[in-house]
Each structure stands twice: as C-alpha cells, then as structure tokens.
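Fold and contact review
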Amino acid sequence: MKEIRVLSPVGMLGYGFPAESFQKGLEKKPHVIAADAGSTDAGPHKLGAGVGIVSKEATKKDLTLMLTAGCENKIPVIIGSAGGSGAEVHLNWTSEIVKEIAKEKNLHFKMALIHAEVEKDYLQKKLAQGKIKPLGPVPELTSKDIEEATRIVAVMGVHSHIKALEMGAEVIIAGRSNDPAMFAALPIKEGYDPGLALHMGKILECGAMASTPGTTSDCMMAYLREDCFIVEPTNPLRKCIPSTVAAHTLYEKSSPLHIIGPEGVVDVTGCKFEQFSERAVKVSGSKLKKSETINIKLEGASKVAYRTICIAGLRDPIMIKQIDECEKHVRDTVLTYFSNISPEDYSLIFHIYGRNGVMGELEPQKEITSHELCLILEAVAKDQELANTICAFARSTLMHYSYKGRIATAGNLAFPYAPSDIPTGAVYRFNIHHLVEVDDPDELFSIEMVEV
Amino acid sequence: MTKEVSIVDLVKVIRSKNAGPFELTFDIIFKDKETYEKVKKTKVITKELIAKLYHISIEKVLHFVEFDPANAIKATIVRPVDSGSIGETDVYGAQQHAPLLEIKIPYEE
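Let us look at the structure shown here. Small disclaimer: the values here were computed from a predicted structure and weren't measured.

With that out of the way, let us pick up the overall build of chain B. Scanning chain B for helices and strands turns up 2 helices and 6 strands. Along chain B, helices (α) and strands (β) appear in the sequence β-β-β-α-α-β-β-β when read from the amino end. Relative to its length of 109 residues, chain B is compact, with a C-alpha radius of gyration of 14 Å against a globular reference of 13 Å. Split into buried and exposed, the 109 residues of chain B put 52% on the buried side. Partitioning the intrachain contacts of chain B with sequence separation of at least 6 by distance along the chain shows that 61% fall at a separation of at least 24. When the accessible surface of chain B is summed, it comes to about 4,900 Å², and 54% of that surface belongs to carbon and sulfur atoms. Between the averaged position of the 16 positive side-chain charges in chain B and that of its 17 negative side-chain charges there is a distance of 2 Å.

In structure tokens:
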C-alpha cells in the first residue's frame, strides 16, 4: 500500500512540544517533518515592525529537536512563514538561528531559503495592469497603499516548496506560506492527491489541536494514502475523534466548505470523518478544484500612528454609575485644551472593562453590573510625543474630575503602576490584503540554496 | 413536550476567532448528530439571528453554513475593526462569542 507520513511536532514553531511525543512520531518513520511558524492572528504589528511573536530561545529549542532528528534520519525539515510573518527580516532571523544550531550540533545540510517579501515596483506594475483585487471585505488597492506599506509579503503555496525539494533541499526555511503548504508539498511532489494533501496540511498546521484534549504544543502524525488520510496524535494521552478533526476543518476559516489557497479550492462538502483506530481518524473525500488562474495572496502593513496607554481601576459606585458622562467630560476637555492641534492628528480611546471593553460596539449588554471597572486609556497620535501628551492630559483630567455627587475628593483612579502612562510605540494596520494574479509563482518567490 | 433549552446544554464548542484580519467567524459545534439535526430542524439559528445578536446589518454576515460532517453551524461576519488596527478590542477575535450563549432552542423532550 502506498503511504506517505508527515510529522507536525508543534502548531507554532517556538510554542514548545514534548520531546517524548516527538520521539514517538519519529518511530513511525515520517517522510517529512514540518511546522508553521507564522500567522496574521497576532495583528499587523509583527509584519509592520519586522518582529516575531515567540522568543529566539524558544524557536531555537524547537528547531534543535527538529533539525537534529532530520539530519540523523535523513528526513527533510520544512518551516513555513518563518519568524512570524515571513518577510526578509523574519527569514534572516530564522536562518541565523538554524546556522547557530548547525554549528553547535555539528550538523551539515543543504538549506533552501524561500523569499516571500515583494518588491513595491513589481506590485505597482501589477496594479496598473489590473491584476490585483481585494480579498474579503477590504477596499480596492491603491498605489498609495503600496507606497505606504512598511513591508509586503506574498503567501506561497506548495509550488515553491516542491521546487526547493527538487533542488535537493534538506532543510527549507520559507517566508510567508499558506498554512498547509509545508505539509502538503512533499506528498504532492510524490504524486499524492492534492485535495487530500492540502486538507491534511490544514489539520496538521496546528499541531495536536485537532485532538482531544487539543493543544498546539504537541505532535500530530498524518498518514496520507491514495484515497484518504489518517491523523493521530503521537502522545498517548490525546486522541482524535471524528468531531475534533471535522471541527478543526472549519477552524479560522470564513466558510467551512472550502479551503482556499494558491492551488485552488479544496472542497470538503462531501468529506467523511471516521474513527480509524482508538486514537486515529480517517478522512476521505476532499477534492481540489484547481483555479484557472494563479492568484497569490498579498499581506502588507503600514505604520499609522504611535500609542500611549494608561491602566487604571475604578471602584467608586457613584462614579461608576456616571462613567459615560465622565468619558464625555474628558473628551470635551481634551478637545478644548488642545484646540491648537488638529483632531485628526490624534484619537482618544476608552477601553472600559466592566462596560464593553472586550466587545466594543458589538456588546449587546448595555448595563454595568460590576462593582469595579478597569479603564485603559489609549491615546494614538501622529507621533509618540503627542500620544504621551494626550494620554497624560486625559489621565489627569479624569483623575480629578468633579463628577456629580462626588464625595471621594482625593482622586478618581487607582493606578496599578508608576509610571501610570506607558508608551507602546508604533501602531500598524493591515493595509494590503489582496490577491495578485501571476503567470508563474516564481515571479514572487525566489529560492536561495545555502550549504550549512 | 416542548421547552426552551439553553444552547450551552446542547453544544460541545461555541467559539469565535479571526478568519483572516478582516473577518470574525463563529463556530457552534453540537454534542452529537442527533442534537445537531434537532436544532437544525427548529431553524432558530439563522443568518438573521446572528445579525440580531450582534446588532449588525444582515449584509455584514458574510457566510452562514450548516456543516454536517462536524455537526456544526458556522457564521462569519465583518470585523468591526480590522485586526490590530486603532480601536481594536480583541486582536485574535477569541472572546466575541458571548452573545451566542444566550440562544434558546425550543426543544422536544
């Protein structure tokens, strides 16, 4: 029977996984070890500022286990969306860690670095040719958006990973990659069904999350065959059941019926999820409908402001009852006092936990029932100095505001910290979330081979 | 006899999460096939209900799908603010599910 085995040690490189689980996975003789190292989940800051979401130490710890096992057993190791967002800075950061590990452990291998950061000139041309369209509820892309972006990445599919494998890569460190790509590349290269391979990748990209008890910090093994794939957590304390795997199929996607990627759309409408053995689930019926044109997702982030926050508690019931009025007073006072500054240069945001801090405008409960509130006063402005200024003034205004019926005259806010105001630096937004039509994915993703 | 049952007693999972930076998706996964089919039949959970619970217009509910293989109902809405932008309250979108917990299902005993 034809079968290819894929080991996903962890749902996010740097989250950590038990060495025993990984060893159990290796005993099943995987053909490839792969992990996802990025996501847009943590917001636009990582891409914009060029930083990661996990520490170097944690990344190194996970990578050390993977690279050592890969070299010892001659198994390719593939990391996708390196460094959190998969731009150049993230790719270099990860590649340096890999080199450091290789030196320390005396490992030697052929490493492919797949670049995913996009040149702005190239995109301007594509835009002029009408080859860029919005992805989801976002406006049409403008030339200004491209100019303003700090960094832009394109999201690669299996194409570039396969190419790197064909070039003899034993380790692949790839820039921004579609989540299933790292897991599906080798199977698709070996002629396995791409629909099943991509669906399998979607399940594997979160580690053992599709098992129960689910977690991203443990290993999942997949066995891809000609007409199905089987998934099983390697840790005996966890198991897959049809509902956990089916549930994961719809996780973090807008529609459960289709897994959309650069290869096309995987239709899972007719999928079957069956208990295969005590801890394993068999999945069949996923079908790839290839798209007629190659559309690659673009992600870009631009710097929009600087932020300063102040955290404070409120415990006075007389004040809590009037919190909306207090907020209004502070807003009005700030506007009047800073009448020399354009209101467009800053904004003041009240996050009031106990009122609608978590859900904002989506919060259906209007009444405050808590005996205490947490306020995060947030000032965002065109520069850090102005953000600091607005935050400090709003804070002191609220601290000493004489609201109606006030009998606690010493101060209205309980600050857990000194200093009370915390500058948090630049604020970014995703200003590009579009699809670009290309003739060949190689236009966007170049492969660099390095002897380590 | 028909009585109102809280959805909390009928599900295994109710969650919200980003589906990309511009959309928020809700998963309601029922205990078992039988419960799922019963709830589906009542037609209580609809696109309209999602719009009502979140005080948004129906156009902002981008997808509403019953997914039989997972015994799940899934709805996706436009995020009020794109993830991490100015005015954000929940970068991962993981705590926007509470209004769904209020759903009551007329249930045959």
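With that out of the way, let us pick up the sheet that holds strand 2 (residues 32–36) of chain A. All names here are of chain A. Pairing within the open sheet is mixed, and its 10 strands lie in the order 12-13-9-8-1-2-3-7-4-19. Every interior strand has two partners, whereas the edge strands, strand 12 (272–277) and strand 19 (447–451), have only one. Mean inter-strand twist for the sheet, computed between neighbouring axes without regard to direction, equals 20°. Sheet topology note: the strand 1 (residues 4–8)/strand 2 ladder contains 2 bridges and is parallel. Note that in strand 2 the partner of Val 6 across the bridge is Val 32. The strands that helix 9 (residues 194–204) touches are strand 1, strand 8 (220–224), strand 9 (229–233), strand 12 and strand 13 (280–284); relative to strand 8, the one it contacts most, it runs at about 175°.

The next point concerns the environment of Ala94(B). Structurally, the position occupied by Ala94(B) is in the loop between strand 5 (72–78) and strand 6 (104–108). When the C-alpha atoms of Ala94(B) and Thr25(B) are compared, they prove to be 9.4 Å apart, with 69 residues separating the residues in sequence.

With that out of the way, let us pick up the packing of aromatic side chains. Residue and element names in this part refer to chain A. Throughout the structure, instances matching the rule amount to 6 aromatic pairs over all chains. For the pair Tyr 337 and Phe 393, a centre-to-centre distance of 4.2 Å together with 15° between the ring planes defines the contact as stacked. You can see Tyr 337 sitting in helix 12 (residues 323–337) and its partner Phe 393 sitting in helix 13 (residues 384–399), a full 56 residues away along the chain. The buried category is assigned to Phe 393, whose relative accessible area is 17%. Through a chain of ring-to-ring contacts, the aromatic side chains of Tyr 337, Phe 338 and Phe 393 assemble into a single cluster. In this structure, Lys 2 packs its charged tip against the face of Tyr 192, placed 4.6 Å from the ring centre.

Attention now goes to the sheet that holds strand 2 (residues 11–18) of chain B. All names here are of chain B. Strand order in the open sheet made by the 4 strands is 2-3-5-4, with antiparallel pairing throughout. Single-partner strands in this sheet number two, and they are strand 2 and strand 4 (61–67). Ignoring which end each strand starts from, the neighbouring axes of this sheet average 10° apart. Pairing of strand 3 (residues 23–30) with strand 5, which is carried by 7 bridges, proceeds in the antiparallel orientation. In the sheet register, Glu 23 faces strand 5, and the bridge partner there is Val 78.

Right, let's get into the pattern of salt bridges. As enumerated under the stated definition, the model contains 30 salt bridges over all chains in all. Note that Arg79(B) is salt-bridged to Glu88(B), the shortest N-O span being 2.9 Å. Here the two residues Arg79(B) and Glu88(B) agree in accessibility, since each one is buried. Through salt bridges with shared partners, a single ionic network connects Lys56(A), Lys60(A), Glu100(A) and Glu104(A).

Quick look at helix 1 (residues 33–42) of chain B now. Residue and element names in this part refer to chain B. The set of residues buried in helix 1 consists of Thr 35, Tyr 36 and Val 39. Projection of helix 1 onto a plane perpendicular to its axis shows the buried side chains occupying an angular sector of 100°, all on one side. Of the residues in helix 1, the exposed ones pointing more than 90 degrees away from the buried face are Glu 34 and Lys 41. In this structure, the buried side of helix 1 is in contact with strand 3, strand 4, strand 5 and strand 6. Just past helix 1, the residue Lys 43 takes up positive phi, approximately 55°.

Attention now goes to the nonpolar core. Residue and element names in this part refer to chain A. Formed by 71 residues in total, the largest nonpolar core has its most connected members in Ile 172, Val 231 and Leu 444. Excluding anything up to four places from it in sequence, Leu 444 contacts His 115, Val 118, Tyr 122, Ala 154, Ile 296, Val 436 and Val 438. Residues Ala 37, Leu 63, Val 77 and Phe 109 belong to the second largest nonpolar core, which totals 35 residues.

A separate point is the interface of chain A and chain B. Between chain A and chain B, the contact holds 43 residues from the first and 43 residues from the second. Between chain A and chain B, the buried area comes to about 3,400 Å², and carbon and sulfur atoms account for 66% of it. Seen at the junction of chain A and chain B, the total is 1 salt bridge. For the interface between chain A and chain B, the tally reads 7 residue pairs in polar contact (both at pLDDT 80 or more). Contributing elements (two or more residues each) for the side of chain A that touches chain B: helix 10 (242–249), strand 15 (294–314), strand 16 (346–353) and strand 18 (421–438) of chain A.

Turning our eyes to something else, we now look at the side chain of Glu23(B). Note that Glu23(B) resides in strand 3. Those residues within four positions of Glu23(B) in sequence are excluded, and the remaining contacts are Gly136(A), Pro137(A), Ser254(A), Lys17(B), Asn18(B), Leu62(B), Thr76(B), Ile77(B) and Arg79(B).

Next up on the list: unusual backbone geometry. Each neighbour pair has its own omega, and for Thr212(A) with Pro213(A) the value is -10°, a cis peptide bond. Following the sequence through the fold, Pro213(A) ends up in the loop between helix 9 and strand 8. For the bond running from Ala418(A) to Pro419(A), omega is 5°, close enough to zero to count as cis. Tracing the chain through its elements places Pro419(A) in the loop between helix 13 and strand 18. Backbone geometry places Asn106(A), a non-glycine residue, at a positive phi of 55°. Despite not being glycine, Asn71(B) shows a phi value in the positive range, around 50°. With respect to the secondary-structure elements, Asn71(B) resides in the loop between strand 4 and strand 5.

Within the secondary structure layout, Glu88(B) lies in the loop between strand 5 and strand 6. Under the relative-accessibility criterion, Glu88(B) is labelled buried at 13%. A distance of 2.8 Å separates a polar atom in the side chain of Glu88(B) from the backbone nitrogen of Gly84(B). Side-chain polar atoms of Glu88(B) contact the backbone nitrogen of Asp90(B), separated by 2.9 Å. Filtering out sequence-adjacent residues up to four positions away, Glu88(B) remains in contact with His351(A), Arg79(B), Val81(B), Asp82(B) and Ser83(B).

Basis of the calculations
- The residue numbers shown here count from 1 along each chain, following its written sequence.
- Here chains are named by letter from A upward and ligands by number from 1 upward, in the order in which they appear as written.
- The predicted nature of this model means local features are confined to residues of pLDDT at least 70 and side-chain atom pairs, given and counted, to a pLDDT of 80 or more, with totals for whole chains, interfaces and linings taken over all residues.
- Side-chain numbers come from the whole structure's heavy atoms, not from hydrogens or water.
- Helix numbers and strand numbers start at the N terminus; a helix is a DSSP run of H or I with at least 4 residues, a strand a run of E with at least 2.
- In this setup the radius of gyration rests on C-alpha atoms only. A globule is expected at 2.2 Å times the number of residues raised to 0.38.
- Buried residues are those whose accessible area, probed at 1.4 Å on protein chains only, stays under 20% of the maximum for their type, while exposed residues exceed 50% and partly exposed ones sit between those limits.
- In this description, contact between two residues means that some pair of their heavy atoms is separated by no more than 4.5 Å.
- Only the protein chains shown count as covering a residue, and every accessible area follows the Shrake-Rupley method with a 1.4 Å probe.
- Only four residue types enter the tally: Lys and Arg on the positive side, Asp and Glu on the negative side, with His and both chain ends excluded.
- Lys charges are placed at NZ, Arg charges at CZ, Asp charges at CG and Glu charges at CD.
- Think of it this way: DSSP has to see at least two bridges between two strands before they count as a pair.
- Axis geometry follows a simple rule: fit a line to the C-alpha atoms, using only the stretch in contact for helices, then measure angles between N-to-C directions, giving values from 0 to 180 degrees.
- In this analysis, rings of Phe, Tyr and Trp, with Trp reduced to its six-membered ring, are considered paired at centre separations within 6.5 Å, and the interplanar angle assigns stacked below 30 degrees, edge-to-face beyond 60, and tilted for intermediate values.
- We count a charge as sitting over a ring when the NZ of a lysine or the CZ of an arginine lies within 6 Å of the ring centre and within 35 degrees of the ring normal.
- Each salt bridge in this description consists of a side-chain nitrogen of Lys or Arg and a carboxyl oxygen of Asp or Glu lying within 4 Å of one another.
- Read the arc as the range of directions from the helix axis to the C-beta atoms.
- The nonpolar core is taken to be a set of buried Ala, Val, Leu, Ile, Met, Phe, Trp, Tyr and Cys residues, with the residues joined through side-chain atoms within 4.5 Å.
- A quick way to say it: buried area is the sum, across both parts, of accessible area lost when two parts are put together, with a 1.4 Å probe.
- Polar contact is defined as a pair of N or O atoms within 3.5 Å, subject to the rule that within protein one atom must be able to donate a hydrogen and the other to accept it, and that residues adjacent in sequence are counted only when both atoms are side-chain atoms.

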